[in-house]
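# A structural walkthrough
Spelled out from the first residue to the last, the chains are:
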Amino acid sequence: MALEHAILVSLSERAGAGLDLTRRFDRSIGYFWTATHQQIYRVLGRMESDGWVVSTAVAQSGRPDKRVYEVTEAGRAELRRWLGEPLLRESHRSDLAVKLRAASYGDRAALLREVAALRAEHATRLAGYEQMAATQYPHPDELEGADLDHYLVLRGGVRMEEFWVEWLGEYLDAHGATEVPTGSTTTEER
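Since the structure is predicted, the reported quantities are computational estimates derived from the model, not experimental observations. Sequence order as written defines the numbering, with residues in each chain counted from 1. Residue-level local features of this predicted model are given only where pLDDT is at least 70; pairs of side-chain atoms are given and counted only at 80 or more, and the full residue set underlies all totals for whole chains, interfaces and linings. Only hydrogens and water are set aside; all other atoms, that is, all heavy atoms of the structure, feed into the side-chain values.

## Quick look at the overall build of the chain
- Here a helix means four or more residues in a row that DSSP labels H or I, a strand means two or more in a row labelled E, and each is numbered from the N terminus. Within the chain, the secondary structure is distributed over 7 helices and 3 strands.
- Walking the chain from its N terminus toward its C terminus, one meets helices and strands in the order α-β-α-α-β-β-α-α-α-α.
- Using C-alpha atoms as the atom set, the radius of gyration is obtained and then compared with a globule rule of 2.2 Å times the number of residues to the power 0.38. Against the 2.2 N^0.38 benchmark of 16 Å for 190 residues, the chain shows a C-alpha radius of gyration of 21 Å, more extended than a compact globule.
- Counting only C-alpha atoms, the chain reaches 60 × 40 × 40 Å along its principal axes.
- The buried label goes to any residue with under 20% of its type's maximum accessible area, the exposed label to any with over 50%, and the partly exposed label to all in between, with areas taken from a 1.4 Å probe on protein chains only. Residues counted as buried form 32% of the 190 residues belonging to the chain.

## Concerning the pattern of salt bridges
- A pairing counts as a salt bridge when a side-chain nitrogen of Lys or Arg comes within 4 Å of a carboxyl oxygen of Asp or Glu. Taken as a whole and judged by the stated rule, the model has 6 salt bridges.
- Of the charged contacts in the structure, one is a salt bridge between Arg46 and Glu4, with a shortest N-O distance of 2.9 Å. Taken as a pair, Arg46 in helix α3 (residues 37–49) and Glu4 in helix α1 (residues 3–13) lie far apart in primary sequence, 42 residues in all.
- A relative accessible area of 39% places Arg46 in the partly exposed class.
- The salt bridge partner of Arg81 is Glu85, with a shortest N-O separation of 2.4 Å.
- Overall, the relative accessible area of 42% leaves Arg81 in the partly exposed class.
- Put simply, Glu73, Arg76 and Arg80 are held in one network by salt bridges that share partners.

## Overview of a positive patch on the surface
- Taken together, the side chains of Arg14, Arg23, Arg27 and Arg63 present a region of like positive charge at the surface.
- Structurally, Arg23 can be placed in helix α2 (residues 18–27). Patch definition: residues with relative accessible area over 30% and no salt bridge; like charges joined within 9 Å; nonpolar side chains (Val, Leu, Ile, Met, Phe, Trp, Tyr) joined within 5 Å. Areas reported as accessible are Shrake-Rupley estimates using a 1.4 Å probe. Residue values count occlusion only from the protein chains shown. For the purpose of charge, His is not counted, nor are the chain termini; Lys and Arg are scored as positive and Asp and Glu as negative. Where a charge lies is defined by one atom per residue type, namely NZ (Lys), CZ (Arg), CG (Asp) and CD (Glu).

## Overview of the pairing of strand β3 (residues 63–71)
- Pairing of strand β1 (residues 16–17) with β3, which is carried by 2 bridges, proceeds in the antiparallel orientation. The partner of Ala17 across the bridge, within β3, is Val68.
- Bridging between strand β2 (residues 53–60) and β3 involves 7 bridges; their strand directions are antiparallel. Each residue of the ladder has a partner; that of Val53, found in β3, is Val71.
- Two strands are said to pair when DSSP picks up at least two bridges between them. Hairpin geometry of β2 and β3 is characterised by an intervening segment of 2 residues between the two adjacent antiparallel strands and by a positive phi of about 70° at Gly62.

## Topic: the confidence of the model for the chain
- One number per residue, pLDDT, summarises how confident the predictor is, and it ranges from 0 to 100. Across the chain, pLDDT averages 87, with 91% of residues at or above 70.
- What makes two residues a contact is simply this: any of their non-hydrogen atoms within 4.5 Å. Across residues 181–190, confidence stays below pLDDT 50; counting only partners more than four residues off in sequence or on other chains, it has 14 contacts.

This is the structure we're talking about:
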């Protein structure tokens, strides 16, 4: 999937400025597809040149005008075309799995620190997803259409994070390392 398609999905849900899209990527779409502020603006410019989106200048009090983007008919056609493409199959490559398999040949303690930090990151993400589900979708059995689609994607995220927390916890438990050892790093610290 190209960033263009993730942006088309977001703008199909609601028109917005580049900053709005950045916030949406930080809060929802970004859990499954990440993009920087600069990438979003660069791609929006290309999408506008291609006729997939159109922007309108909106005046702001005491600030420069902002550009609000909407999907055009050409953009909706591209989104329909993309949705009709066969799905790319997930790769069966995992650096983590290979490292876990090779742990006996190197510094297992360092790897266990990384696994513990990774498990903590997944546990944090899981808690966030569960909170989103509870607050945004308190009655999932009443959902339909786009709301049901959004909820089911969120449920997929919950289930993936549950898998990671459980599997990484199993690995740590098997090696007697259930807590994050001191001196460990997280992705944000690297």
